[in-house]
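# Geometric and topological summary
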Amino acid sequence: MSAAPTPPRPAGKGPAKPAGRSRELPEHLKAYKGVWVFIELERGRVHPVSWELLGEGRKLADTLGVELAGVILGPDDGSVGAAGADAAAYGADAVYTMEDPILAAYRTDPFTRGLTVLVEAHKPEILLLGATTLGRDLAGAVATTLATGLTADCTELAIDMETRTLASTRPTFGGSLLCTIQTLHFRPQMATIRPRVMSMPDRRDASLPRVVSEALAMEEEQIVTKVLDFIPDRDQDTAHLAYADIVVGGGLGLGSADNFRLVRELAEVLGGEYGGSRPLVQKGWIPADRQIGQTGRTIRPKLYIAAGISGAIQHRVGTEGADVILAINTDANAPIFDFATHGVIADALEMLPALTSAFRRRLDGAARAA
Amino acid sequence: MPERFEAIVVGGGPAGNAATLTLARGGVHVLQIERGEYAGAKNVQGAILYADAVEEMIPEFRDEAPLERHIVEQRMWMLDERSHVGTHYRSEDFNEERPNRYTILRTPFDKWFSSTVKKAGALVICETTVLDLIRDASGRVVGVKTDREGGEIHADVVILADGVNSLVAQRAGLRNEVEPDHVALAVKETHFLPTEVIEQRFNISGEEGVVIEAAGSVTEGMLGTGFIYTNKESLSVGIGCLVSDFVDTGITPYGLLERFKQHPSIRQLLDGAEVKEYAAHLIPEGGYKAMPKLFGDGWLIVGDAAQMVNSLHREGSNMAMSSGRMAAETVVELRQQGKPMTAKALRLYREKLDASYVIKDLKKYRDLPSVLHRNKQFVTTYPQLLSRAAQTWIRVDGEDKKTKERAIAKSFLKGRSLRGLVGDAFKIARAMR
Amino acid sequence: MHCVVCIKQVPDSAQIRVHPVTNTIMRQGVPTIINPYDLYALEEALRVRDAFGGTVSVITMGPPMAEAALRKALAFGADRAVLMTDRIFAGSDTLATSYVLSHGIMRLAAEAPVDIVFAGKQTIDGDTAQVGPGIARRLNLNQLTYVEKIDRLDPAADEIVVHRRAEGGVHVLKTELPCLITMLEGSNSIRFASMDDMFRAARAEVTVWSAADAGIEDQTRCGLRGSPTVVRKVFAPKPRQEKAKLIDTAGLGAAEAAPKVIDALLAADSKLADHLAAG
Ligand SMILES: Cc1cc2nc3c(=O)[nH]c(=O)nc-3n(C[C@H](O)[C@H](O)[C@H](O)COP(=O)(O)OP(=O)(O)OC[C@H]3O[C@@H](n4cnc5c(N)ncnc54)[C@H](O)[C@@H]3O)c2cc1C
Ligand SMILES: Cc1cc2nc3c(=O)[nH]c(=O)nc-3n(C[C@H](O)[C@H](O)[C@H](O)COP(=O)(O)OP(=O)(O)OC[C@H]3O[C@@H](n4cnc5c(N)ncnc54)[C@H](O)[C@@H]3O)c2cc1C
Ligand SMILES: Nc1ncnc2c1ncn2[C@@H]1O[C@H](COP(=O)(O)O)[C@@H](O)[C@H]1O
């Protein structure tokens, strides 16, 4: 929804009937069945968000009583097959594949064409993609080509049984509100979900899934855009921030860019990653991909230590998946204490170094004991 | 060849807008420069609008302007720690055809005012700060210098409406810095409540509004007042004290506001509100005696920039508008007579002011600020005495009223000697003469 | 070079308020701004023009008051501004929005061929990042999203090379004009308009196009009717029941407090203890 949603009526009073639309799904769309998850395969590696979505897709498929499938596009070097086996291990009943050298590196045109072909041939009712740079680029192009509805950055997915449609919930108005969006009369119903918003399902050994393949039927000459190079990031850890088991985060309460050092040091001792609130990015204290929150990374660590962070809603939504949140703040009324598991009312500039050395002692002790 | 204007107005507040509107309507090729993203962007306070100053320029403003509520009830409270004594004046007469006082939110109001200014044909440039005035060899003001590339703009006359600090006037040496004891720091919050709740709490309906002015120990012995204005779906809550007092007492303005909001008589009025918009803003309180020179070769100064605020009655925006209008009328008239904008010619502005309520009122209260400032008992001792008096009077405890009266009289004398009492009454009387 | 920049006027979400009772948006007094991400697109377009000549047109679909955003864009240096406004546009989702905008851009292209369409990465109200790709599909433009920088631009050969943000690295992509680019935040910073620009912008004409003006025949594809997605409900995030357990360190210096904090943490969550022990 590009136009910001205006509530049909005050919330709480239950879903309002969308103006001038019948609930009945047109005949030709009734053929659309099953839940698909786009398996993001790049350079031989599958982005973990794909597995997270299979976990979520499983629930949706079971609710609807339909099949869950992964859809994989990639080069013909066996990586697609391997990804398919993994997909089954994460709960896919079937995989729809397309293998072609053209699909080696992501490009909008061939991937849009490929995914469109698969969807039109096999008609899933729901198609989920990770809200990665690749997933969002592809989702936007495919949804437009198929002229169907797409909801971006969902934080919650459910089935509205009354209409058998996907109810996608996402933050809106800068996170101050949530809205639930549905695609009633178009198929497939598309949604993108950011990494780490959904939890990672357990891997189970599964028999090989049903495999259905289609051909891309494109020539390299037809494709205007060429990939000249891929330059990996120097600071590879930022990629791990979202997946780290321990994250230490700092906010404006630290007072200065220099004091952020204290956050990094604690993270280091704990073998974790560090990040911060948005203002720190805006002030240039930390790089953009270290930002935690709604417009930054969503994290799901075992432990998140938030120092000098007030806990604004946009920060909160990115951290609520953490098992344990320890908040360090001088202000007992800071909103972060409303959702943290533990709180210490203390000066972060003193508490952080104290924790660093205390943890160091503990861990050394533990190491010696072992 | 850089563009040239007949007049430049610095500032998009009530004074600047009034001046620019009048100039544009008078056929003057005028440029208005505002620092904020739009006129009003920097003026978040809720305020009371006095109709006549606007009406003179825009008779139909009631149909167009974003007004909150017209005031039907005025409460004057004297607070001590736990109580308030006060007067409420409410009259059905205020539900008149063309009410005289409204509560407004400055941001939407100034925005609307600015749109009428544009409609009148003025060129309005926002997000641009005037840094200094340009003078020619003779020292005459011939334009302004802004913070933008190619930002020197020339004009026959410059009207300074840049608010209480008027850094421009200071930098140009037309005015010296405001004395700490000539300026109050007001901190203000907007408390959002559902309309129904506001109407029920303040016993009003429809467009009706209430104003509460509170003096006394809320200001912890400093000179100043707290206030609550009712808007459509919010309350403007604030308190102001002389900057010098904040400095002397070391009390923080925000702490003061917090205490004000916690006062038993205030607290439940705000209960459950969602607080948004915290603003601090200066109010000139020096009055007549603090006013700078108002005109010179090629320049005029109006509104807060000229310290034109009647602090006792919290009138500022009306004086700002009237002075802005009169400055502009002066320019329009001189232009029609083909006269140059010299100090000599611009004296007309001063004459217009003298003949108006602006100078008359400012003169009337010219001694008040200093008197109150030197006599803190008005905000310390009296509230307590009054409240104790009221209590003794009201309590039914078997004591006969005569004894009570004596007790009250005594308590006053204890709190402040008879000579003190008389003297105080005298001082106030003189100051308000 | 003719660059078209899609900008949207959005409520400054930093100042959005939610009605405590009805959970509806209180727009009153909330200032509107140019979607911050669009400023990167605008600045990049201006740089292209400064380097290769030509014009920069800005276009928006929105209510009449969106003109303010266009004027601002003009002040930054855009040459031409188009406001697409029509009652039937109301309630458009990304699909309908890209449909309307692509018609506007086509009409602009009829006046002078368009080489690059710029869009922001996303909006801060809708924030879907879909309108850009949507426009690219509809106008069959080569799509370059999340661009960090334009590495090389060769108008003569209609060739462009960009750095595109990908997971864990940057793709260097080469493609042909015309193309659509969405710029990544931080890729540049918007210039400070000169006094002359301010004057020009304040006086410039903003072109206003209705659906008919933009040659939109199929009105069922605009606005609410043309939007497959339906907002079924808007609500406030539910507050957590239990608040944080405060670890009492009153009177202790940080040095004594820290071990106490760690104990409290580990006591509460054994998995955490194991994890730490595991190192
Ligand atoms: C559209 C939109 C998207 C946004 N996205 C994000 C996002 O993704 N991530 C994000 O984080 N923000 C985001 N924000 C910004 C968010 O609204 C808040 O402004 C931001 O999170 C506040 O950062 P902060 O807590 O570091 O600073 P503050 O809110 O200023 O909090 C500082 C805290 O530090 C405490 N403190 C001060 N001194 C000390 C001390 N010595 N020791 C301990 N504590 C101390 C203070 O009590 C205070 O609670 C977004 C905003 C908008 C409008
Ligand atoms: C809390 C509070 C409550 C008040 N309540 C009332 C009330 O109830 N009733 C009432 O009548 N008055 C009230 N006042 C006083 C009233 O607000 C002022 O008297 C009035 O705003 C003065 O108008 P002005 O145009 O002279 O100055 P301002 O309103 O201050 O306008 C000055 C404008 O100039 C701009 N500016 C400043 N410097 C520059 C520069 N260098 N270049 C370009 N632009 C510049 C500013 O951005 C501002 O927009 C209140 C004041 C406060 C602080
Ligand atoms: N109503 C609109 N008018 C003009 N451009 C828009 C509009 N909505 C979205 N855009 C453009 O599309 C980009 C992505 O928007 P969104 O898909 O809403 O995140 C924005 O950054 C704008 O460049």
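Refer to the structure above for everything that follows.
Summary of the structure given here. Small disclaimer: the values here were computed from a predicted structure and weren't measured. (Residues numbered from 1 in each chain as written. Chains lettered and ligands numbered in written order. Predicted model: local features only at pLDDT ≥ 70, side-chain atom pairs only at ≥ 80, totals over all residues. Heavy atoms only, no water.)

### Remarks on the overall build of chain B
Where we set the bar: Where helices and strands are cited, they refer to DSSP runs of H or I of at least four residues and of E of at least two residues respectively, numbered from the N terminus. Burial classes: relative accessible area under 20% of the type maximum marks a residue as buried, over 50% as exposed, and values in between as partly exposed (1.4 Å probe, protein chains only). Whether two residues are in contact is decided by their heavy atoms, any of which lying within 4.5 Å being enough. Per-residue accessibility takes into account occlusion by the displayed protein chains alone, with areas from the Shrake-Rupley method and a 1.4 Å probe.
Assigned secondary structure in chain B consists of 16 helices and 17 strands. When burial is assessed residue by residue, chain B has 57% of its 433 residues classed as buried. In chain B, 70% of the contacts between residues at least 6 apart in sequence involve partners at least 24 apart. Put simply, chain B shows about 18,200 Å² of open surface, and 53% of that area lies on carbon and sulfur atoms.

### Focus: unusual backbone geometry
Along the chain, Arg187 of chain A connects to Pro188 of chain A via a cis peptide bond; the corresponding omega equals -5°. Tracing the backbone through its elements, the reader meets Pro188 of chain A in the loop between strand 10 (177-183) and strand 11 (189-193). Between Leu177 of chain C and the following residue, Pro178 of chain C, the backbone shows a cis peptide bond with an omega angle of -5°. Examined against the element boundaries, Pro178 of chain C turns out to sit in the loop between strand 11 (169-176) and strand 12 (179-183).

### A word on the site of ligand 1
For the record, the criterion: It suffices for a single heavy atom of a residue to lie within 4 Å of a molecule or strand for the residue to be listed as near it. By the criterion applied in these results, polar contacts are pairs of N or O atoms within 3.5 Å in which, for protein atoms, one can donate a hydrogen and the other can accept it, and in which residues neighboring in sequence qualify only through two side-chain atoms. Residue type decides the class: Asp, Glu, Lys and Arg count as charged, Ala, Val, Leu, Ile, Met, Phe, Trp, Tyr, Cys and Pro as nonpolar, and the leftover types, Gly among them, as polar.
Residues in close proximity to ligand 1 total 29 residues, the closest being Ser277, Gln291, Thr295, Ser310 and Gln314 of chain A. In this structure ligand 1 sits where residues from chains A and C come together. Between ligand 1 and the protein, one listed contact pairs an oxygen atom with a backbone N or O atom of Ser310 of chain A at 2.7 Å. Take Gln314 of chain A: an N or O atom from its side chain is 2.7 Å from an oxygen atom of ligand 1. Across the complex, the protein chains shield 80% of the 990 Å² of accessible surface that ligand 1 would expose by itself. By residue class, the composition of the shell around ligand 1 is 10 nonpolar, 16 polar and 3 charged.

### Quick notes on the packing of aromatic side chains
Residue and element names in this part refer to chain B. What counts is decided by this rule: By convention, a stacked pair of Phe, Tyr or Trp rings (six-membered ring in the case of Trp) has centres within 6.5 Å and planes under 30 degrees apart, an edge-to-face pair has planes over 60 apart, and any other such pair is tilted.
For the structure shown, the criterion picks out 11 aromatic pairs over all chains. Aromatic pair Phe61 and Tyr102: ring centres 6.2 Å apart, planes at 85°, arrangement edge-to-face. Residue Phe61 is located in helix 3 (residues 61-64), and its partner Tyr102 is located in strand 6 (residues 101-105); the two are separated by 41 residues in the primary sequence. Take Tyr102: its relative accessible area is 6%, and that puts it in the buried class. Here Phe109 and Trp112 contribute two aromatic rings whose centre-to-centre distance is 5.4 Å and whose plane-to-plane angle is 50°, an arrangement assigned as tilted. In this pair, Phe109 and Trp112 both sit in helix 4 (residues 106-119), 3 residues apart, roughly one turn of the helix.

### Some details on the sheet that holds strand 8 (residues 156-160) of chain A
Defined as follows: Strands qualify as paired when DSSP identifies two bridges or more between them. Fitted lines through C-alpha atoms serve as axes, helices being fitted only where they are in contact, and the angles separating the N-to-C directions of these axes extend from 0 to 180 degrees.
Strand order in this open sheet of 4 strands is 8(A)-9(A)-10(A)-14(C), and the pairing throughout is antiparallel. Two strands close off the open sheet at either side, each with one partner strand: strand 8 of chain A together with strand 14 (229-235) of chain C. On average, adjacent strands in this sheet sit at an angle of 30° to one another, irrespective of strand direction. In this structure, strand 10 of chain A lies alongside strand 14 of chain C, joined through 6 bridges in antiparallel fashion. By the bridge assignment for strand 14 of chain C, Ile181 of chain A is matched with Val231 of chain C. Packing against the sheet, helix 1 (residues 49-64) of chain A makes contact with strand 8 and strand 9 (165-172) of chain A, and its axis sits at approximately 5° to strand 8 of chain A.

### Some thoughts on the pairing of strand 8 of chain A
All names here are of chain A. Note: strand 8 against strand 9, 5 bridges, orientation antiparallel. Directly across from Ala158, in strand 9, lies its bridge partner Ala167. Counting the residues in the hairpin turn of strand 8 and strand 9 gives 4 residues, including Arg164, whose phi is positive at 55°.

### Re the site of ligand 2
Residue and element names in this part refer to chain B. Near ligand 2 there are 37 residues, and of these Glu34, Ile48, Arg106, Asp304 and Ser317 occur at the shortest range. Within the contact set of ligand 2, an oxygen atom lies 3.0 Å away from a backbone nitrogen or oxygen of Ala15. Across the complex, the protein chains shield 97% of the 990 Å² of accessible surface that ligand 2 would expose by itself. The set of elements that each furnish at least two residues to the shell around ligand 2 consists of helix 1 (14-25), strand 3 (46-50), strand 13 (224-230), strand 15 (274-284) and helix 10 (317-336). Each residue belonging to the shell around ligand 2 can be placed in one class, and the counts come to 16 nonpolar, 13 polar and 8 charged.

### Observations concerning the interface of chain C and chain A
Note the following rule: Accessible-area loss on putting two parts together, using a 1.4 Å probe and summing over both, is the definition of buried area adopted here. Each reported salt bridge corresponds to a side-chain nitrogen of Lys or Arg within 4 Å of a carboxyl oxygen of Asp or Glu.
If you look at the interface, chain C gives 88 residues, while chain A gives 99 residues. Taken together, the two surfaces of chain C and chain A that pack against each other cover about 8,300 Å², and 59% of this comes from carbon and sulfur. Note that Asp109 of chain A and Arg137 of chain C form a salt bridge whose closest N and O atoms lie 2.8 Å from each other. Across the chain C-chain A interface, the total number found is 26 residue pairs in polar contact (both at pLDDT 80 or more). Classifying every residue of the side of chain C that touches chain A by side-chain character gives 41 nonpolar, 25 polar and 22 charged.

### Description of the environment of Ala217 of chain A
By the secondary structure assignment, Ala217 of chain A is in the loop between strand 12 (210-213) and strand 13 (226-232). Along the backbone, Ala217 of chain A and Gly114 of chain A are 103 residues apart, and their C-alpha atoms lie at a distance of 8.7 Å.

### Comments concerning the packing of helix 2 (residues 67-76) of chain C against helix 5 (residues 195-203) of chain C
When two helices pack together, their arrangement is given by the angle between the helix axes and the distance between those axes. All names here are of chain C. Here is the rule: By definition, turning the near helix anticlockwise from the far helix through less than a right angle yields a left-handed crossing, and turning it clockwise yields a right-handed one.
Packing of helix 2 against helix 5 brings their axes to within 7 Å, and their N-to-C directions diverge by 145°. Of the two elements, helix 2 crosses helix 5, and the hand of that crossing is right-handed. Listed contacts from helix 5 to Arg71, Leu74 and Ala75 of helix 2 are Asp197, Met198, Arg200, Ala201, Ala202 and Arg203. Of the residues belonging to the contact of helix 2 with helix 5, the class tally is 5 nonpolar, no polar and 4 charged.

### Here's the deal with the sheet that holds strand 10 (residues 159-166) of chain C
With mixed pairing, the 10 strands of this open sheet are ordered in space as 13(A)-11(C)-10(C)-9(C)-12(C)-8(C)-1(C)-6(C)-7(C)-13(C). In this open sheet, the two edge strands, each paired with only one partner strand, are strand 13 of chain A together with strand 13 (207-209) of chain C. Here the average twist between neighbouring strands, direction ignored, is 30°. When strand 10 of chain C meets strand 11 of chain C, the two strands line up antiparallel, connected through 8 bridges. Looking across to strand 11 of chain C, one finds that Arg165 of chain C is bridged to Val170 of chain C. Helix 2 of chain C contacts strand 6 (55-61) and strand 7 (80-84) of chain C of the sheet and is inclined by roughly 165° relative to strand 7 of chain C. Those strands touched by helix 4 (residues 131-139) of chain C are strand 1 (2-6), strand 8 (116-120), strand 9 (142-154) and strand 12 of chain C, and its axis lies near 175° from that of strand 12 of chain C.

### A look at the pattern of salt bridges
The final tally for this structure, using the stated rule, is 49 salt bridges over all chains. Ionic pairing is found between Glu37 of chain B and Lys72 of chain C, a salt bridge with its closest N-O pair at 3.1 Å. Remark: Lys72 of chain C occurs in helix 2 and Glu37 of chain B occurs in the loop between strand 2 (30-33) and strand 3; the pair is interchain, linking two chains. Since its relative accessible area comes to 21%, Lys72 of chain C is described here as partly exposed. For Asp151 of chain C, the salt bridge is made with Lys149 of chain C, and the minimal N-O distance between the two is 3.4 Å.

### Considerations on the environment of Cys241 of chain B
Here Cys241 of chain B is to be found in strand 14 (residues 234-242). On a C-alpha basis, the gap between Cys241 of chain B and Glu92 of chain B in space is 33 Å, while along the polypeptide they are 149 residues apart.

### What to know about the side chain of Thr151 of chain A
Along the polypeptide, Thr151 of chain A turns up in strand 7 (residues 150-154). Setting aside its immediate chain neighbours within four residues, Thr151 of chain A contacts Ser168, Arg170, Ile181, Met190, Ala191 and Thr192 of chain A together with Gln130 and Thr229 of chain C.

### Quick notes on the packing of helix 1 of chain B against helix 4 of chain B
Residues and elements named next belong to chain B. Stated formally: Should an angle fall under 35 degrees it is taken as roughly parallel, and over 145 as roughly antiparallel, whereas 65 to 115 is taken as roughly perpendicular and any remaining angle as oblique.
Following both chains from N to C, one finds helix 1 and helix 4 inclined at 15°, their axes separated by 9 Å at the closest point. Classified by the angle their axes make, helix 1 and helix 4 are roughly parallel. In this structure, the crossing between helix 1 and helix 4 has a hand that is left-handed. Contacts between helix 1 and helix 4 involve Pro14, Asn17, Ala18, Thr20 and Leu21 from the former and Arg106, Asp110, Phe113, Ser114, Thr116 and Val117 from the latter. Tallied by class, the residues present in the contact of helix 1 with helix 4 amount to 5 nonpolar, 4 polar and 2 charged.

### Considering the side chain of Thr60 of chain C
Residue and element names in this part refer to chain C. Mapped onto the elements of the fold, Thr60 is located in strand 6. A distance of 2.7 Å separates a polar side-chain atom of Thr60 from the backbone oxygen of Ile7. Excluding anything up to four places from it in sequence, Thr60 contacts Ile7, Lys8, Gln9, Ala66, Leu70, Val82, Leu83, Met84 and Leu101.

### Focus on helix 10 of chain B
Residues and elements named next belong to chain B. Selection rule: Each residue after the first adds 1.5 Å to the expected span of a helix.
Between the first and last C-alpha of helix 10 there are 28 Å, a value that for 20 residues agrees with the 28 Å anticipated at 1.5 Å per step. Among the 20 residues of helix 10, 16 are classified as buried, and the element is accordingly described as predominantly covered. Gly338 sits one or two positions beyond helix 10 and adopts a positive phi of about 65°.

### Structural notes on the pairing of strand 11 of chain A
All names here are of chain A. Counting buried positions over the 5 residues of strand 11 gives 5, a clear majority of the element. Of the two faces of strand 11, the one carrying Gln189, Ala191 and Ile193 and the one carrying Met190 and Thr192 are both buried. In the sheet, strand 7 pairs with strand 11 via 3 bridges, with the strands oriented parallel. Bridged to Thr151 within strand 11 is Ala191.

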